[in-house]
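# Structural description and commentary
Listed here are the chains, written in short residue letters.
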Amino acid sequence: MDFVALPKIELHAHLTGSISRQTLHEIWLDKKAAGETDLQDPLVVMPEGKHDYDLSSFFPLFGKYIYGLLTDAPSIRRATISVLQSFLRDGVVYLELRTTPRPTPLLSAEQYVSVVLSTISGFEASHPRLHTRLILSIDRRHDFATASSVLSLAAARRADAQALVVGLDLCGDVNARPGGSVALFAPLFREARDSGLGITLHFAEAEASAHEAELRTLLSWRPHRLGHVIWEDDETRREIVRRKADLCLELCLSCNVQAGMVKGGFEAHHFGEWRSVEGVKISIGTDDVGIFGSPLSNEYRLVAQHFHLDARQICALARESIDHIFGGEQEKERLRQIMWT
């Protein structure tokens, strides 16, 4: 089966984690030549072929390095175009990128979002097969005021003419706000849902973020989608199954296996367990293809190989998430036409 040619939907991809090492290297070369960075070459910091980053080594790559390169509009635009091109080449027809609005030494958080959105809009005009929408992320480390500003940005951008911002995400270091203290953000996610934004949450991603109080809190926000869903307990699992008509699970195989988030290799990935639950919808995602090196076509290949899915089952799996995108009914109909022909 040609997994690249298969029309695919990508719902769990972080913008900065999806930038290729070569693109980061090229940005670094330009900044180095202009005397604008003292960072090491990305190909030294993240050698080609190294993908075994665990959660302790993963998050520092961003705060200490990648964000230090993407400080101005040209570098952010260049990186975003590169990410969009890679998904397009890989056969993705609908993409929901997520990113945390962040100020840089040269841009405000609002300007950062504007650069990303204008780049997405321009790319879609030239490459209409790939439609891209943006999810803004609240980081678990945010204080309430910062998180509230992310919601304000999302609500304002959702209301503009193009409506490219479609959702709100909770992400970040799983060790931040443990034991249910993410309840701080509950009013914001409830307001976001009431305003029509899609809600997706990093959920039970690691043992540190699987405290019973946290799982109950996150489910109380009535999310539309859950990402990772690795360390759920029995009661949470029953609740997810009960809500299966309204929920979609974003599962990321290579990220989970290579980062040691699941044990026993691909065959032991919880995709197999959730796949066996009738009615539960699954969307396969890459999470951070720039870090873990597995494009979406390869994620489908891994699913087919390790869980013995034939071509018919793979095509059905690719279509499962259509009804759970945040891009609206017109976009869902476009995908039904593309993915049924």
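In short, a report on the structure. Note that the coordinates shown come from a computational prediction; the quantities given were computed from them, not determined experimentally. (Residues numbered from 1 in each chain as written. Predicted model: local features only at pLDDT ≥ 70, side-chain atom pairs only at ≥ 80, totals over all residues. Heavy atoms only, no water.)

## A few points about the overall build of the protein
Stated formally: By definition, any uninterrupted DSSP run of H or I lasting at least four residues is a helix, any uninterrupted run of E lasting at least two residues is a strand, and each is numbered from the N terminus. Within these notes, the globule rule equals 2.2 Å times the number of residues to the 0.38 power, and the radius of gyration is based on C-alpha atoms. When accessible area is computed with a 1.4 Å probe and restricted to protein chains, residues below 20% of their type maximum are described as buried, those above 50% as exposed, and intermediate ones as partly exposed. In what follows, a contact means two residues having at least one pair of non-hydrogen atoms within 4.5 Å. Here Asp and Glu are counted as negative and Lys and Arg as positive; His is not counted, and neither are the chain ends. A charge is said to be at NZ when it belongs to Lys, at CZ for Arg, at CG for Asp and at CD for Glu.
Tallying secondary structure elements over the protein gives 15 helices and eight strands in all. In summary, the protein has a C-alpha radius of gyration of 19 Å against a globular reference of 20 Å for 341 residues, a match within 12%. Referenced to the eigenvectors of the C-alpha coordinate spread, the extents of the protein come out at roughly 55 × 45 × 45 Å. Burial status across the protein gives 58% buried among its 341 residues. Long-range contacts, defined as pairs at least 24 residues apart, comprise 74% of the intrachain contacts of the protein with a sequence gap of at least 6. Charged side chains in the protein number 37 positive and 45 negative. The centres of these two groups are separated by 3 Å.

## Concerning helix α8 (residues 212-220)
Along α8, the residues classified as buried are Glu-214, Leu-215, Thr-217, Leu-218 and Leu-219. Backbone geometry just after α8 places Arg-222 at a positive phi near 55°.

## Some points on the sheet that holds strand β1 (residues 8-14)
The test is simple: Each pair of strands is called paired provided DSSP finds at least two bridges between the two strands. Under this scheme, a helix contributes an axis fitted over its contacting stretch, all axes are lines through C-alpha atoms, and angles between N-to-C directions fall in the 0 to 180 degree range.
The eight strands lie next to each other as β1-β2-β3-β4-β5-β6-β7-β8, forming an open sheet whose pairing is parallel. Only two strands of the sheet have a single neighbouring strand rather than two, namely β1 and β8 (281-284). On average, adjacent strands in this sheet sit at an angle of 25° to one another, irrespective of strand direction. With six bridges connecting them, strand β2 (residues 92-99) and strand β3 (residues 131-139) associate as parallel partners. Bridging from a neighbouring strand, Tyr-94 pairs with His-131 of β3. Against the sheet, helix α4 (residues 73-89) touches β1, β2 and β3, its axis set at about 145° to β2. Relative to β3, helix α5 (residues 109-126) is tilted by about 165°, and along the sheet it contacts β2, β3 and β4 (165-171).

## Side note on the packing of aromatic side chains
Ring pairs (aromatic) are described by centroid distance and by the angle formed between their planes. Selection rule: Classification of ring pairs uses Phe, Tyr and Trp, with its six-membered ring standing for Trp, and accepts pairs whose centres are within 6.5 Å; under 30 degrees between planes counts as stacked, over 60 as edge-to-face, and the remaining range as tilted. Two thresholds decide whether a charge sits over a ring: the Lys NZ or Arg CZ must be within 6 Å of the ring centre and within 35 degrees of the ring normal.
A complete count under the given rule lists three aromatic pairs for this structure. Ring geometry for Phe-189 and Trp-221: centres 4.7 Å apart, planes at 10°, overall stacked. Here Trp-221 lies in the loop between α8 and β6 (225-228) and Phe-189 lies in helix α7 (residues 186-194), a separation of 32 residues in the sequence. The buried category is assigned to Phe-189, whose relative accessible area is 0%. Take Trp-221: its relative accessible area is 1%, and that puts it in the buried class. Sitting over the ring of Phe-326, Arg-225 keeps its end group 3.8 Å from the ring centre. Here the basic side chain of Arg-237 rests over the ring of Trp-274, its NZ or CZ set 4.2 Å away from the ring centre.

## With respect to unusual backbone geometry
Located in the positive-phi region is Arg-177, a residue other than glycine, with phi close to 50°. Tracing the backbone through its elements, the reader meets Arg-177 in the loop between β4 and α7. With a relative accessible area of 25%, Arg-177 lands in the partly exposed category. In this model, Asp-287 sits at a positive phi of 70°, which is unusual for a non-glycine residue. Structurally, Asp-287 can be placed in the loop between β8 and α12 (289-292). Residue class for Asp-287 comes out buried when judged on its relative accessible area of 3%.

## Quick word on the pairing of β3
Definition in use: Here is how to tell: hold the view so the strands point away, follow the path from the first strand over the helix to the second, and if it runs clockwise the crossover is right-handed.
The buried fraction of β3 is high, at nine of nine residues. Of the two faces of β3, the one holding His-131, Arg-133, Ile-135, Ser-137 and Asp-139 and the one holding Thr-132, Leu-134, Leu-136 and Ile-138 are both buried throughout. For the crossover from β2 across α5 to β3, the handedness is right-handed. Of the strand pairs in this sheet, β3 and β4 are connected by six bridges, and their pairing is parallel. Across the sheet, residue Ile-135 finds its bridge partner in β4, namely Gly-167.

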